[in-house]
Amino acid sequence: MNVITSPDNRIYKGASQLKLKKHRDELSQYLIEGTNLIREALAEGGTIKTLILSEDYGRYRDATGNATSAEALAIAKEAEFEAERAGAPIIVLTSQLFRKLSDTETPQGIMAVVEKKKYSEAEFFGSASATNLIVLDRLQDPGNIGTILRTADAAGYMGAILLKGTADIYSPKIVRAAAGSLFRLPVFMTETPEQTIRLLRNYNKKMICTTLDTDHYYYDVNLAQDAAVIIGNEGNGVCNEFIKDSDLQVKIPMEGTIESLNAAVAAGILMYESVRQRHKNVL
């Protein structure tokens, strides 16, 4: 297999374009990088459109500083097999070109272009047995967004609704922070709060907003099922439309002069309260 040495190579240029949101949107594709995300893509049926290796992949170090393990090499072989079976190109880059394409400080020598998973309204609301979902109201911080998606996945939520204005979940930082959850957790995009509210009403979801202006603590309300937990923008919180039409407004107790928590922390507290209540009801 020839090693690509020129940044003008057609496939390399196509992969490089995916660093920009407009090209990710146009092509409905994004980049994943590292052994763990490649493994998740293979395990969850992700569609690899291009497999990209560094010429010295076997000599790279993983995130802990260890040399590429036999397991990692086996995952690369499996990815090659799946790419070949699907007719997807496999390219090998010089280490210099690979580092230029990489979005990490310590690249592991393997990445892939994968296809976005898209869900219709019927697929999103009817594809899972779980009934709770998370709603992201124009969040911007990649770490917050990725962590919330990963937590929703771990908490057994049916999916996430993302309002227009939320940062692109297929950006490299969010993809890494989500740690493979994008292959499992259905996501659905909406344009406005009004559209989102109509959908939640149509599917009998209770809208739960966090606000300081309430007497209800999150552990005093029923979050076990059919709850849509709405997490607001880091600077402005949940928008007025959601607060006005919400079924329940809750707050998280805080001592001292602290007025708010990090969005991902608050989301995690509420989502795992629903897990606690669900398990309590089962027991």
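Before reading further, recall that the structure is shown in the block above.
Residue numbers restart at each chain and count upward from 1, following the sequence in its written direction. In keeping with the predicted nature of the model, local features appear solely for residues at pLDDT of at least 70, side-chain atom pairs appear and are counted solely at 80 or more, and the whole-chain, interface and lining totals rest on all residues. Water and hydrogen atoms were dropped before computing side-chain values, which therefore reflect all heavy atoms in the structure.

Visitor: Explain the environment of valine 238 residue by residue, including any values.
Guide: In this text, helices come from DSSP runs of H or I with a minimum length of four residues, and strands from runs of E with a minimum of two, each type numbered from the N-terminal end. Its place among the elements puts valine 238 in the loop between strand E10 (227–232) and helix H10 (240–245). On the basis of relative accessibility, which here comes to 8%, the residue valine 238 falls in the buried class. In this structure, the C-alpha to C-alpha distance between valine 238 and arginine 138, residues 100 residues apart in sequence, is 8.8 Å. Whether two residues are in contact is decided by their heavy atoms: any pair within 4.5 Å suffices. The contact partners of valine 238, leaving out residues within four places of it in the chain, are Asp137, Cys209, Thr210, Ile230, Ile231, Gly232 and Ile243. When a residue's accessible area, from a 1.4 Å probe over protein chains only, is under 20% of the maximum for its type it is buried; when over 50% it is exposed; and in between it is partly exposed.

Visitor: Tell me about the sheet that holds strand E1 (residues 3–4), residues and numbers included.
Guide: Two strands qualify as a pair provided DSSP detects at least 2 bridges between them. Strand order in this open sheet of 5 strands is E1-E4-E3-E5-E2, and the pairing throughout is mixed. Since the sheet does not close on itself, it has two edges, and those belong to E1 and strand E2 (29–33), each with one partner. Across 5 bridges, E2 lies against strand E5 (residues 110–115) in antiparallel orientation. Bridge pairing in E5 links leucine 31 to valine 113. Here helix H4 (residues 70–86) sits on the sheet and contacts strand E3 (48–54), strand E4 (90–93) and E5; the angle it forms with E3, its principal contact strand, is near 140°. Every axis corresponds to a line fitted to the C-alpha atoms, with the helix fit spanning only the stretch in contact, and the corresponding angles, defined between N-to-C directions, vary from 0 to 180 degrees.

Visitor: For the nonpolar core, give the residues involved together with the corresponding values.
Guide: With 58 residues, the main nonpolar core has Ile32, Ile134, Ile148, Ile169 and Ile231 as its most contacted residues. Non-local contacts of isoleucine 231, meaning those with residues more than four positions away in its chain, are made with Ile134, Val135, Leu136, Asp137, Leu139, Ile148, Val238, Ala263 and Ala267. Within this scheme, the nonpolar core is defined by two criteria: the residues are buried Ala, Val, Leu, Ile, Met, Phe, Trp, Tyr or Cys, and they are joined through side-chain atoms within 4.5 Å.

Visitor: Describe the environment of lysine 19, naming the residues involved and giving the relevant values.
Guide: Structurally, lysine 19 can be placed in the loop between helix H1 (10–17) and helix H2 (21–27). On the basis of relative accessible area, lysine 19 is assigned to the partly exposed category, the value being 36%. Contacts of lysine 19, omitting those with residues within four sequence positions, involve Arg24, Lys100, Leu101 and Ser102. From its side chain, lysine 19 meets the backbone oxygen of lysine 100 in a polar contact 2.8 Å long. N or O atoms within 3.5 Å of each other form a polar contact, as long as, within protein, one can give a hydrogen and the other can take it, and as long as residues adjacent in sequence are counted only when both atoms are side-chain atoms.

Visitor: Go over the side chain of glutamate 80 with me, naming the residues and quoting the values.
Guide: Looking at the element boundaries, glutamate 80 is found in helix H4. Despite its burial, glutamate 80 remains without a salt bridge, the nearest opposite charge being carried by lysine 77 at 4.4 Å. Not counting the four nearest positions on each side in its chain, glutamate 80 is found in contact with Leu51, Leu53 and Ile90. Positive charges come from Lys and Arg alone, negative charges from Asp and Glu alone, with His and the N- and C-terminal ends not counted. Salt bridge, as applied in this entry: a Lys or Arg side-chain nitrogen positioned within 4 Å of an Asp or Glu carboxyl oxygen.

Everything listed here is a matter of geometry and, on its own, says nothing about what the molecule does.
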